[in-house]
Each structure stands twice: as C-alpha cells, then as structure tokens.
Amino acid sequence: ALIYTIMIDKYIAHDLFPTPVYQNNIPVTLLNELKQEEYREIIPDRNGYYTKNVYILDKYTELKKTIEQHIHCYVTKHMMIKDIYTWPILNSWVNRHVKGDFAHKHFHCHSLISGIYYLKAPTDGGMPMFHKPDGWSNLLGTIFNFELSGDNGVNKLIYKINVKDGDLILFPSHLFHSVEESKTDEERYSLAFNVWVGGQFGSSDIGQLSV
C-alpha cells in the first residue's frame, strides 16, 4: 500500500472564471421617507411587498447618483471594462418583508446587472443567497455530493452573504438568488434595481452594434 506522508501547505490556486459579486456600503439616510411609499403585495404569497413606484430612484436622485458611482466602480475597476459605455438603471423599487416573508429562487431577465441596497437588514431578517447555476460544473456538486471540511465560494452550491444596514450588492442579472425567511418582528427593507448598457460594440460594419 502507498502511504503519503508529505504535507502540502503552500500552493498556487487559479480560480478561473469566477462570478463577480460586488459588496460595499452606503450610509442609510432615506429609510423613513421610503417607508412612507405606497406598497403592494408580491404574488405568490409570503414574498413580501414592493413599492407601486418601480422607478423609485428617479425620485431620490442623490441616492441614484451614489449607486451609479458604485456601478461604475464595479464594471471599470473590478471587471476592467473600458470607461466608454453608459450603464443606465432601468427600474428600481423597494421591498418590504415582515416576519415569515421570503424571496423565492429567481433571476432578473432583460437586464445585465442587478443590485440590492439594504435599507434595513435586521438580525434574523433573512439574508441574500446566491445559487450555483445548473450545469455549471467545477467538479463539486455535479456527480458526487462530497463531504466537505469547510466551505467557500468554490465549493458551495448556495452562497449566503451576511449584510447589514447600508450594504450594496451588485451581481450579474442571470445569477439565481433568493432571500431567507424573515424570523424577526422587525421589518426588512431593501431597494432593488436593474441595469442595462449603452454604447457602441464592434469595429467592423458587419459586427457593429449600437445599444
């Protein structure tokens, strides 16, 4: 029998083609105003409530400008996309969750980047969870359910991000996500939005596209 006694404690890991998820913080100043907006219930049941105004950031322009600065950072600094495109926010709304509410697993179509700004994220209010896309194989979770000694962004099938008041999350719109059930009597408020792109793509007449 072969016995391996060499202990490897130093190596180089190349985690290729990761999904870029951005997290930062914007101090909350508009919670009371946004609480006063008119809300409607989300169908199916227990998915909470959302504002009837689905262009809410057009009303709160200073917050919109700040979020746009973070979108610019996300695409130009982290993903190193040249600063020759515009990134318009398509729509935006506030979600309100009470005890027992949650958000089912879903993604946002007709959008490139989606974001969530946490106006009020109470303890046990439900954290955002990101789901590994079906068919996206990195050895783990496709053929075998391996027993793990720890978890990280490489081996998890569902990745939960612990957020606090003021946290902003940006992510590709195709990424499936959900929100845990709220188990607190405190209301949870988050502002969600979708982002598109504008600009000129391609350098030849055949492959050129204007958006």
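Note that the structure is predicted; figures quoted are calculated from it, not measured.

**Quick look at the pairing of strand β4 (residues 89-97)**
Part 1: Of all 9 residues making up β4, 7 are buried, and the element is well covered by its neighbours.
Part 2: Direction of pairing for strand β3 (residues 49-51) relative to β4: antiparallel, over a ladder of 2 bridges. Looking at the pairing, Tyr49 lines up with Arg96 of β4.
Part 3: Bridge analysis of β4 against strand β11 (residues 188-195) gives 8 bridges, and the strand direction is antiparallel. Among the inter-strand pairings, Arg96 is bridged to a residue of β11, identified as Tyr189.

**Some thoughts on unusual backbone geometry**
Part 1: Phi at His110 is positive, roughly 60°, even though this residue is not glycine.
Part 2: Relative to the helices and strands, His110 resides in the loop between β5 (103-106) and β6 (113-120).
Part 3: Looking at His110, the relative accessible area reads 68%, which means it is exposed.

**Observations concerning helix α2 (residues 61-78)**
Part 1: Taking 1.5 Å as the rise per residue, α2 with 18 residues should run 26 Å; its terminal C-alpha atoms sit 25 Å apart, in good agreement.
Part 2: Buried within α2 are the following residues: Leu63, Lys64, Ile67, His70, Ile71, Tyr74, Val75 and Thr76.
Part 3: The positive-phi residue at the C-terminal boundary of α2 is Met80, with phi of around 60°.

**Here's the deal with the sheet that holds strand β8 (residues 158-160)**
Part 1: Overall, antiparallel pairing links the 4 strands, which are arranged β5-β10-β7-β8 in an open sheet. The sheet is open, and its two borders are formed by β5 and β8, each paired with just one other strand. The sheet shows a mean angle of 20° between the axes of neighbouring strands, direction not considered.
Part 2: Of the pairings in the sheet, the one linking β5 to strand β10 (residues 177-179) comprises 2 bridges and is antiparallel in character. Pairing of Ala103 across the sheet is with Val179, part of β10.

**Some thoughts on the pattern of salt bridges**
Part 1: As enumerated under the stated definition, the model contains 11 salt bridges in all.
Part 2: The residue Glu186 makes a salt bridge to Lys120 at a minimum N-O spacing of 4.0 Å. Residue Glu186 is located in the loop between β10 and β11, and its partner Lys120 is located in strand β6; the two are separated by 66 residues in the primary sequence.
Part 3: Taking the shortest distance from any N to any O, the salt bridge between Lys156 and Asp151 comes out at 3.8 Å.
Part 4: The network of salt bridges with common partners includes Lys120, Asp165 and Glu186.

**Considering the environment of Leu148**
Part 1: In this structure, Leu148 sits in the loop between β7 (128-131) and β8.
Part 2: Sequence separation between Leu148 and Glu33 is 115 residues; the distance between their C-alpha atoms is 46 Å.
Part 3: Aside from chain neighbours lying at most four places away, what touches Leu148 is Leu140 and Asn155.

**Let's talk about the sheet that holds strand β1 (residues 22-25)**
Part 1: With respect to topology, 7 strands assemble into an open sheet ordered β1-β9-β6-β11-β4-β3-β2, the strand pairing being antiparallel. The sheet is open, and its two borders are formed by β1 and β2 (39-41), each paired with just one other strand. Put simply, the sheet's adjacent strands are angled 25° from each other on average, direction ignored.
Part 2: Across the sheet, α2 is in contact with β1, β4, β6, β9 (167-172) and β11; its angle to β9 comes to roughly 50°.

**Some thoughts on the packing of aromatic side chains**
Part 1: Enumeration over the complete set of coordinates arrives at 5 aromatic pairs.
Part 2: Here the aromatic rings of Phe130 and Phe171 are separated by 5.0 Å at their centres, their planes lie at 70°, and the arrangement is edge-to-face. Highlighted residues: Phe130 in strand β7 and Phe171 in strand β9, separated in sequence by 41 residues. Both residues of the pair, Phe130 and Phe171, belong to the buried class.
Part 3: Against the face of Tyr39 rests Arg96, its NZ or CZ located 4.7 Å from the ring centre.
Part 4: Taking NZ or CZ as reference, Arg96 lies 4.8 Å from the ring centre of Tyr49, over its face.

Cut-offs used in this document
- Residues numbered from 1 in each chain as written.
- Predicted model: local features only at pLDDT ≥ 70, side-chain atom pairs only at ≥ 80, totals over all residues.
- Heavy atoms only, no water.
- Buried < 20%, exposed > 50% of the residue type's maximum accessible area, 1.4 Å probe, protein only.
- Helix = DSSP H or I, 4+ residues; strand = E, 2+ residues; numbered from the N terminus.
- Pairing = 2+ DSSP bridges.
- Expected span 1.5 Å × (residues − 1).
- Axes fitted to C-alpha atoms, helices over the stretch in contact; angles between N-to-C directions.
- Salt bridge = Lys/Arg side-chain N within 4 Å of Asp/Glu carboxyl O.
- Contact = heavy atoms within 4.5 Å.
- Phe/Tyr/Trp six-rings, centres within 6.5 Å; stacked < 30°, edge-to-face > 60°.
- Lys NZ or Arg CZ within 6 Å of the ring centre and 35° of its normal.

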